[in-house]
Amino acid sequence: MPAGKAVLRCALSDDRAVVTLTGRTEALMDAVYPVTFEAESLLAADSLAARRYREKTREGRAKDKTELLVFGQDKIAGEDKIAVDVFKNGRLRRTLPVPLGTLDPLGALYRFLGDSGNRNPFLVTDGRRVFEVHMMPGRREEVATPSGRRSVQVWDAAVKVISGKPHVLEKASIRVWTSADDPFTMWKAAVALPYGVFSTQKVDEEL
């Protein structure tokens, strides 16, 4: 039974790329535990460097929770790092130093799908830690899609925390299925964690 549905959109202009992800639980899940999610990543169009990441979530009957990451554009003096200001519900909670080139989660997905020459490794921050993500190509296979069977490339991800506390993703099995030829389209993704398996599948080519 599908738990929810999400829509991923990308827009590119002369000076920036904007990636948005919106999602919510389906009607049956809403009756038990409704969840809504909105996220937006702003990247520089020329370098795809992260500029800002914002997300808003609501779980159950609780109030909205917001998080904003603002990426500095200048290096920290004497280091190959920049500062990321992390805001929670409008209040500055911390300033996190991260290596140059670190991306937000949506920005990393955009770069992986769109830049065939720059897939490994990715440095990604969630505002608390920095992950190093390696995408390793595997076999090619065919999968069923709404428009028929498609040839896809299978990728396995390896995640390691290089700054901050350990995270459950380091123990996860992560697999992504993309179209076999550029431009890349992500058809499926699955994450197996110690407490369960989560998966998503593309349902409409027009979205």
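Note that this is a predicted model, so its numbers are computed, not measured.

S.K.: I tried to follow the sheet that holds strand β11 (residues 173–179) on my own but got confused; where do I start?
M.R.: In a beta sheet, neighbouring strands are held together by backbone hydrogen bonds and run either parallel or antiparallel to one another. Read from one edge of the open sheet, six strands run β8-β9-β10-β11-β12-β13, paired in antiparallel fashion. Two strands lie at the open edges of the sheet, namely β8 (122–125) and β13 (196–201), each paired on one side alone. Sheet twist, expressed as the average angle between the axes of neighbouring strands with direction ignored, equals 25°. Summarising the sheet, β8 and strand β9 (residues 130–145) pair through four bridges and their orientation is antiparallel. Bridge assignment links L123 to a residue of β9, and that residue is E132. Relative to the sheet, helix α2 (residues 105–114) contacts β8, β9, β10 (148–163), β11 and β12 (186–193), its axis offset from that of β8 by approximately 160°.

S.K.: Would you take a moment to explain the pairing of strand β7 (residues 91–99) for this structure?
M.R.: Successive side chains on a regular strand alternate, one facing one side of the sheet and the next facing the other. Examined bridge by bridge, strand β6 (residues 81–88) and β7 share eight bridges and lie antiparallel to one another. Bridge pairing in β7 links V84 to L96. As consecutive antiparallel partners, β6 and β7 are separated by two residues, and within that stretch N89 has a phi angle of approximately 50°, a positive value.

S.K.: Could you clarify how one ought to interpret the sheet that holds strand β3 (residues 35–44) in this entry?
M.R.: The strand order β1-β2-β3-β4-β5-β6-β7 describes an open sheet built from seven strands, whose pairing is antiparallel. This sheet does not close on itself; its edge strands, each paired only once, are β1 (4–12) and β7. Put simply, the sheet's adjacent strands are angled 10° from each other on average, direction ignored. As defined by bridge partners, strand β4 (residues 50–59) adjoins strand β5 (residues 65–71) across six bridges and the pair is classed as antiparallel. Pairing of E55 across the sheet is with E67, part of β5. Here α2 sits on the sheet and contacts β1, β2 (16–25), β3 and β4; the angle it forms with β3, its principal contact strand, is near 65°.

What counts and what doesn't
- Along each chain, numbering runs from 1 in the same order as the chain's sequence is written.
- This being a predicted model, a pLDDT of at least 70 is required before a residue's local features are given, and a value of 80 or more before pairs of side-chain atoms are given or counted; all residues contribute to the totals for chains, interfaces and linings.
- Values reported for side chains reflect all heavy atoms of the structure, with hydrogen atoms and water molecules removed beforehand.
- Only when DSSP finds a minimum of two bridges between them are two strands counted as paired.
- Helix numbers and strand numbers start at the N terminus; a helix is a DSSP run of H or I with at least 4 residues, a strand a run of E with at least 2.
- Orientation is described by axes fitted as lines to C-alpha atoms, over the contacting stretch for helices, and by angles from 0 to 180 degrees between their N-to-C directions.
- Any two residues whose heavy atoms approach within 4.5 Å are treated as being in contact.

Treat this as a map of the structure, not an account of what it does.
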